[in-house]
Structure formats: C-alpha cells, structure tokens
Amino acid sequence: MAQTETTEVYHFPEPPTPDAVEFETNYSFHLNHRTPIVIDNGSTNFRFGWASSSDPYVSPNLYAKYRDKRSNRAVLLFGDAVEADTQGKGTAKSPWEGDHLNNHEALESALDYTFLRLGVDAETVDHPVIMTERLCTISHSRSLTSEMLFELYSVPSVTYAVDALTSFAHNVPDVGRDGLVISFNTASTSIIPVLSGRGIFAKTKRLPWGGQQASEYLLKLVQLKYSGFPTRVTSTQSTWMYQTFSEFSLDYAETLRVLDDPVEMSRASKVVQFPFAAPAEKIKTEEELAALAEKRREAGRRLQEQAAKKRVEKIMEKEKDLETATNLREWKDKESKTEFAARLRQNGFESEQEWEESIKRLEMDLKKARKKDLGDEEPAEEPTFPLLDVADSELDEESLKEKRRQKLMKGLHEARLRAKQEKEKEKAAAAEEERLEAIEREQNPDAWKDRWRKEHETVVTKLKNRERRKVDLQDRKSAASQSRMKSIANLTGEQPPLKKRRRKGGDDDDFGVNDEDWMIYRQINAGNGSSEEEDLSQLATIESKLLTHDPTFSSSDTYAAISTQKSALIRAFCPAHDTAAKEDIEVAHRMHLNVERWKVPEAWFVPSMAGLDCAGLGEIIAHVLSSFTEAEKLRMAKNVLLTGGPAQIPNLAPRLLSTIRPILPPYTEISVRLAKDPQLDAYYGMAAFARTPEFGRPEFGALSKADYDEHGSDRIRKWWGGNVNYAIY
C-alpha cells in the first residue's frame, strides 16, 4: 500500500556536533575539601562528576586509538569526539563486552578523560572515588580496575556500588526499605530482591537479554523483512528505531489479533525515511532538445537510405539472375534435351521445370518490387491450372508430374478460398453480433453491464479454481491429487493388458483419431474440458468491452490487476512490494515498522521467540518471589522499581503489573513504578551517598590502599549498596 501524503514520516536525527571541551578551573576548592568523585561506568554512557555537583558529565563510553595518515601522529579519542571523527568510528571500542569489563585500555582512557575534565591538576588523584560495577562482577575485571585506581592514580579509597541498588536508594530513601529492583541494562536484566535496605544476592536472578540484544533483534527482523533494501541498515539506526518506536503490549496475542486487520496494521505502522542520494537530473535546454530531435531524424534518414540501397541491390541481383535464366531459352531449340539438361545443371537448375519456375518467380518478384517502389499494389492474379483439363494419355512424364503439382496447388488454392469465406462469414457474424449488442447496450445498459459482469465473474472464478487445483495437486494426499490418480487408473483399466508385445502395425487402439480423445488430458490436469488459454482469451474480450463501455469498471478490476496484487495484509505489513515503492527512490528508502514495535520488547517476556533458551521475565520474577515468605512478598510488592535505559519503553510498568498480579494473593498491594530518571538515578544515588557522613568508612564499602595492599586487588568491602562476592568481612 503506497503511503498517502498524510502519513507521518520519521527521519533519523542528525549526529550531534561535539562542543569544545571545557575543563573545570576551580580545582583548588575540591582539593581542599577532598570532594568525592562519582563515576557511573555504564556500557553505553560514561557519567562522572563531583559529588557536590547537581548534574554529571555524560559522554558515550567509547574510545578510539589510531595513527593519523597525514601527520603520522598517534591519536586518542574518547566520548563524543569518536562519533565526530570518521576514522575514529572505524576503530571505536568500548570497555565492555556484554556484562564483562575486559578492555582496560579503554577504561584508562575514560578515567584520564574524567580527571582532566574535572580539572584535577596534581600528580595524584587525592579524592575518594565511588564507582559502579556489574552485579556479581568477575574477579579479573575488579582486580584490574582496583590496580589502575590505586597504582596509576593513587586514589585514597574506592567504593564499588551496584547501579540498581543505588538507583533504588535514590527513589526509596527509607532506611528500612523493602522492594524488588528490576534493572534493565545494555546486555542483561537483573531482578534483585531487597529486604531491610539490603540486596538478597543469593536469590537474585539475571536474564541475558538487554537493550543491545533487543537492538540486534530488531536489526535482524528488518533485514529479513526488507531483504532487498537499497541501503545498509546500521546498528546505530536500529538502536534509534528500537528506542523510539518500541512499546510493550499488555496482551501480545491480542495485539497480533488486532494487527491482523490491514487497516489497523497500516494505522500502527511507523514510517522511517532512510537517507538516500537522489540521482542528478539534468534539465536540457530547448536548443539541446532540438539538436537531439534533429539527430534522431538524421539517423532515420540514414536508415531509410541504407534500406533503399539494399533494396536496389537486391533488384539488380534478381534482374541479373533473370537475364541469365532467360538467355538459356535460345539454347533450348539449338541443343538436344540431354545437352540442354546438362547446360541447365551447369547453371544450377536440376530440371527444366525448376528452370521455368525460377524464371516465373524472378519475374513476379521484380514486378512486385517495382510496384512497391512506385507505391501501387496490383491485386494478385488468379492462378491457372491448364494441365488439369488434359488427359493423362496426352502428357509425357514431365507433364504428368506438373499436372499432379497443379492438382495439389488447386486444392490448396480452393482451401484458402474456403478459409477466406469462413473468415468473412465469421467477421460478418461478429459485426452483426456487435450491432445487436450495441442496440442492447443503448436500450438497456444496466442489463448489459450485469450480464457481462456475471460473465467476467464466472471466468475469473474458473481461473481461480484452476490455480487452486494446481496448488492442491502438489500435495499427493489432497482430494484433487487423489481424483487425478483415479482418472489415470480408470484410463489404464478400460482395456485389458496385452499379453504379447505389440508388433509394428498391429493392435492399434486408434487413440487420437478423434479430437475428443485428447480432451482427457485437460480433464486429468485441470479438472474440466476448457483450457487456460481459451479462458484468458475470453476474459480479455470481456474486460475490453467492460473497460470501453462500463465507466464503473476500471483497470484495477481486471483479473491481471487482481492476480498480481499482493494481499492487503501483506501490503500493509511491508508496502515495499507495491509498484510505487519500486519506482520512487524516496519511497524505496523507507521502512515500515508495525509488528516489530511490539515483537522486540516481547522478547523480555518470551525470550524463545528471539532464539534465547531461558525463562522470561515473568517466570523469573515468580521464581524469585517463590523463595520468600508471604509476608516478605507483601513487603517487596509495595516497591517494584524499574530502572535502566530500556525501562523507558512505554507500557512496561502496566505490563509487569499484569504479570505480577497473578503471582501474589488477591488484594495484595502492588506498586510498579518507573525510576525518576532511569538512566541517571544510579549516579544520583551514589552522589547522595557520597555526601553523607557514612561515606568513606570501611563498614560502608570504602576500600583503602592498605586494604588493597593487604587483601589483594580483587577484594571489596561489604555494604548495603555493593556486591558480596570476594568481600572482606
């Protein structure tokens, strides 16, 4: 279905131009107060700032390192500068690989950028640091991070926090807070139960599906849907489409039933315009158009001259052949038959009869060619057959052969005359039928339309049934295929099998003598006696009449238009099949997102639809809650918090509420809410904690340089906002 002018078309946003980096200059204030530094090391964005600042600095967590070809100097880029540099895009890397922090060279670049941007003007970073790490982070990642902070930057202490818990603390500031935190991250989704302000990590579960997997899933869906799309769809574009148009469905099966209507499918579609380069169309001036027209006329004249030259050459060649053949006549009376026959063979004639026919043919061809050049066509002469009236006894052997040839030619001539008369009769009958039909059409046009409309419908139904039967015949177990096999079996059983091998010329069954014998093949293959060619010819005649005399019958009502048109639902699902989409370059560079808008988020609840062999979010929540007492379930149900970037997809909270409601007892108070700022609340929670008197104390997660030296680089302090693996008790 081609998009109408009222359809809203969405365009990809222009890539932001990075502003000039401004470094803070009031470092002396922070140095004197030893202001804590807050770092949220996210997979997508890197957020950092002073604990006393109201808002953090946010930058893409990417770095690029390459050697500039012009200056031959090493270049190191981080954050927005990577997206703005063409060469940097090709070498961009992230510190993260899924949920694992593996690229510590990128992390070092990010920390360098952080301290430079904050204006740290000292040989060491003499500020306590609070930094996020993944839930149950592995020992290797933490070891390298701690080693970098203590050995390279000489920080006095570091506190590792889990982003989901600090976000929960920022949204539920009560000391004895209870709840269930569902953290939607880039590479995974975590379900963390919280009782009395502490996360119960032993009963925490992780779903290996996040925003990155959802973006890749959408990319695969659109690549399958638009297999012949004229441009490459990048991961950045698929991420933008997923973040902009996706939404959760309260009942996915019901949503699919609604979208089964082509009108609803079209209404739900979001049209995305991809960038394209329109072909340059050069507008020709009148002088150029006139020159092209003159060039075409000149080429036409040259072709006419060449054709005339070839025609003259052929005429001259035939005149020469005719002269040569005519000159042989003077030798006919001078030489004997044997000598004259030898002379004819020398000139390329096998017999005297062939020589005479050649002369007649050349004279006739030359006569026609001259008449054509003069523009005057004479009617063909009536052929004569003089030897048919002569008795065979009066003719020699050559004349008898000529008489037999004339007899055959006369029969062919009479057959042509009869065929011509039959055609004239058919033409006269058709003209009479057309005249009567014209009278009927003028006197009763409605009845005429109804009659031919019914004829058209009958023929179209017959063609559709034939197509349906062809499809059924492909299945050997179908009724049509069984009926065909029965017909073949009946044919073979009409005559008893021959006991002896059929000899040449004997035991002929006379099949094919009558034309009706061949109708059996039509009956076997098509199910009726009419052929598809006959039906199509009849249909073309009917449609020609309706198109000419019925104003309500348009070209879209013809069988060709109906048969080539895709189903309405398919066209609504993917309008790229329309002719307009193939001809218009702008329309060809558009994508229609409809089912994918709900299918991609549904993978959080049904991961198997995306090829993931694990339980869905609803099943995992039920499993987590089942390990607690009824009283603990009621306490956690009052605070179900959704945090993380993907949590901003519309309708997530009501969908989770409808998922959790059947798990808990009736009339249970359930509160499912979105974090105030799903992307920044983890940072705000850490910053708020860093401003409290408890920050920096060992019992609240502070790992000092002495602890690092004594216990090792992979150890941390246990506290309410951090991990418990490899913790110092």
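Heads up: these notes are all about the structure in this document. This one's a predicted model, so the numbers in the text were calculated from it and none came from an experiment.

Definitions and cut-offs
- Residues numbered from 1 in each chain as written.
- Predicted model: local features only at pLDDT ≥ 70, side-chain atom pairs only at ≥ 80, totals over all residues.
- Heavy atoms only, no water.
- Phe/Tyr/Trp six-rings, centres within 6.5 Å; stacked < 30°, edge-to-face > 60°.
- Helix = DSSP H or I, 4+ residues; strand = E, 2+ residues; numbered from the N terminus.
- Buried < 20%, exposed > 50% of the residue type's maximum accessible area, 1.4 Å probe, protein only.
- Pairing = 2+ DSSP bridges.
- Axes fitted to C-alpha atoms, helices over the stretch in contact; angles between N-to-C directions.
- Contact = heavy atoms within 4.5 Å.
- Arc of directions from axis to C-beta.
- 1 Å grid on protein atoms, 1.4 Å probe; cavity = no way out; pocket = protein on both sides within 12 Å on 5 of 7 lines; lining within 4 Å.
- Points joined across faces, edges and corners; volume = space filled by probe spheres on them.
- Nonpolar A, V, L, I, M, F, W, Y, C, P; charged D, E, K, R; others polar.
- Patch = residues over 30% accessible without salt bridge, like charges linked within 9 Å, V, L, I, M, F, W, Y side chains within 5 Å.
- Areas by Shrake-Rupley, 256 points an atom, 1.4 Å probe, with all protein chains shown as cover.
- Salt bridge = Lys/Arg side-chain N within 4 Å of Asp/Glu carboxyl O.
- Lys, Arg positive; Asp, Glu negative; His and termini not counted.
- Charge placed at Lys NZ, Arg CZ, Asp CG, Glu CD.
- Parallel < 35°, antiparallel > 145°, perpendicular 65-115°, else oblique.

**Some details on the packing of aromatic side chains**
- The full count for this structure, using the stated rule, is 25 aromatic pairs.
- Centroid distance Phe12 to Trp240: 5.0 Å. Interplanar angle 55°. Geometry classified as tilted. Separated by 228 residues along the polypeptide, Phe12 in the loop between strand 1 (9-11) and helix 1 (27-33) and Trp240 in helix 8 (residues 235-245) bring together distant segments of the chain. Like Phe12, the residue Trp240 is buried in the burial classification.
- Residues Phe248 and Phe605 carry aromatic rings whose centres are separated by 5.8 Å and whose planes lie at 90° to one another, so their mutual orientation is edge-to-face. In this pair, Phe248 is assigned in the loop between helix 8 and helix 9 (252-259) and Phe605 in the loop between helix 24 (595-602) and helix 25 (617-626), connecting sequence segments 357 residues apart. Residue Phe248 shares its accessibility class with Phe605, and that shared class is buried.

**Considerations on the sheet that holds strand 1**
- If you trace the three strands from one edge of the open sheet to the other, you get 1-15-16, paired in mixed fashion. Edge positions in the sheet fall to strand 1 and strand 16 (590-593), since each of these pairs with one other strand and no more. Sheet twist, expressed as the mean angle between neighbouring strand axes with direction ignored, is 35°.
- Relative to strand 15 (residues 270-273), strand 1 is paired through three bridges, and the arrangement is parallel. The residue bridging Tyr10 from the neighbouring strand is Val272, located in strand 15.
- Contacts from helix 8 reach strand 1, strand 15 and strand 16, with the element oriented near 150° to strand 15.

**Comments concerning unusual backbone geometry**
- In this structure, Tyr667 takes a positive phi of about 65° despite not being glycine.
- Position of Tyr667 among the secondary structure elements: in the loop between helix 27 (652-660) and strand 18 (672-674).
- Despite not being glycine, Tyr726 has its phi angle at roughly 60°, a positive value.
- You can see Tyr726 is positioned in the loop between strand 20 (716-717) and strand 21 (727-728).

**Some thoughts on helix 26 (residues 630-637)**
- Where helix 26 is concerned, the buried positions are Lys633, Met636 and Ala637. On an axial view of helix 26, the arc spanned by its buried residues comes to 100°, and they lie on one face.
- Where helix 26 is buried, its residues touch strand 11 (179-184), strand 12 (189-195), helix 25 and strand 17 (640-643).

**Structural notes on the pairing of strand 15**
- One ladder, built from four bridges, connects strand 15 with strand 16; its direction is antiparallel. What sits directly across from Val272, in strand 16, is Met591.

**Quick look at the pairing of strand 5 (residues 63-67)**
- Where strand 5 meets strand 6 (residues 74-78), five bridges bridge the pair, whose relative direction is antiparallel. Its bridge partner being in strand 6, Lys65 is matched across the sheet by Leu76.
- Linkage of strand 5 to strand 6, two consecutive antiparallel strands, is achieved through a turn of six residues, within which Asn72 is found at a positive phi near 60°.

**Notes on empty space enclosed by the protein**
- Applying the stated criterion across every chain, the model contains four cavities of 30 Å³ or more.
- Estimated volume of the largest cavity: approximately 80 Å³.
- For the largest cavity, the full set of lining residues is Asn41, Trp96, Leu101, Met131, Thr132, Glu133, Arg134, Thr137, Ser141, Arg142, Thr145 and Tyr160.
- Among the secondary structure elements, those contributing two or more residues to the lining of the largest cavity are strand 9 (129-133) and helix 5 (139-152).
- Counted by class, the lining of the largest cavity contains four nonpolar, five polar and three charged residues.

**Examining a nonpolar patch on the surface**
- Taken together, the side chains of Val21, Phe23 and Leu116 define a hydrophobic patch exposed on the protein surface, amounting to about 290 Å² of accessible area.
- With respect to the helices, strands and loops of the structure, Phe23 is situated in the loop between strand 1 and helix 1.
- The class of Phe23 is partly exposed, set by a relative accessible area of 47%.

**Here's the deal with a negative patch on the surface**
- A cluster of acidic side chains, namely Asp19, Glu22, Asp80 and Glu83, defines a negative patch on the protein surface.
- Residue classification places Asp19 among the exposed residues on the basis of a relative accessible area of 67%.

**Focus on the sheet that holds strand 9**
- Strand order in this open sheet of six strands is 4-3-2-9-10-19, and the pairing throughout is mixed. Looking at the sheet topology across the chains shown, the edges are occupied by strand 4 (57-60) and strand 19 (702-704). Going from strand to strand, the sheet's axes swing by 20° on average, the running direction of each strand aside.
- Of the strand pairs in this sheet, strand 2 (residues 37-41) and strand 3 (residues 45-50) are connected by five bridges, and their pairing is antiparallel. Following the sheet pairing, Val38 is matched in strand 3 by Gly49.
- The sheet contacts of helix 4 (residues 104-117) involve strand 2, strand 3, strand 4 and strand 9, and relative to strand 3 the element is tilted by about 35°.
- The strands touched by helix 6 (residues 163-171) within the sheet are strand 9 and strand 10 (157-162), with strand 10 carrying the most contacts at an inclination of about 80°.

**Focus on the pattern of salt bridges**
- Taken as a whole, this structure holds 29 salt bridges when the rule is applied.
- With a shortest N-O distance of 3.2 Å, Lys225 and Glu596 are connected by a salt bridge. With Lys225 in helix 7 (residues 211-225) and Glu596 in helix 24, this pair connects stretches of sequence that are 371 residues apart. Taken as a pair, Lys225 and Glu596 share a single burial class, namely buried.
- Here Arg405 ties to Glu402 by a salt bridge, and the two come within 2.6 Å at their closest N and O atoms. Linking Arg405 with Glu402, this pair stays in helix 15 (residues 397-443), spanning three residues, or about one helical turn.

**Some points on the packing of helix 7 against helix 8**
- Two elements in contact, helix 7 and helix 8, have axes whose closest approach is 8 Å; the angle formed by their N-to-C orientations is 105°. With respect to helix 8, the axis of helix 7 lies roughly perpendicular. Of the residues in helix 8, those in contact with Gly211, Ala214, Ser215, Leu218 and Leu219 of helix 7 are Ser235, Ser238, Thr239, Met241 and Tyr242.
- Considered class by class, the residues forming the contact of helix 7 with helix 8 number five nonpolar, five polar and no charged.

**Describing the side chain of Ser238**
- Structurally, Ser238 is set in helix 8.
- Judged by its relative accessible area of 1%, Ser238 falls in the buried class.
- Look past the residues within four positions of Ser238 in its chain and what remains in contact with it is Ser215, Leu218 and Leu219.

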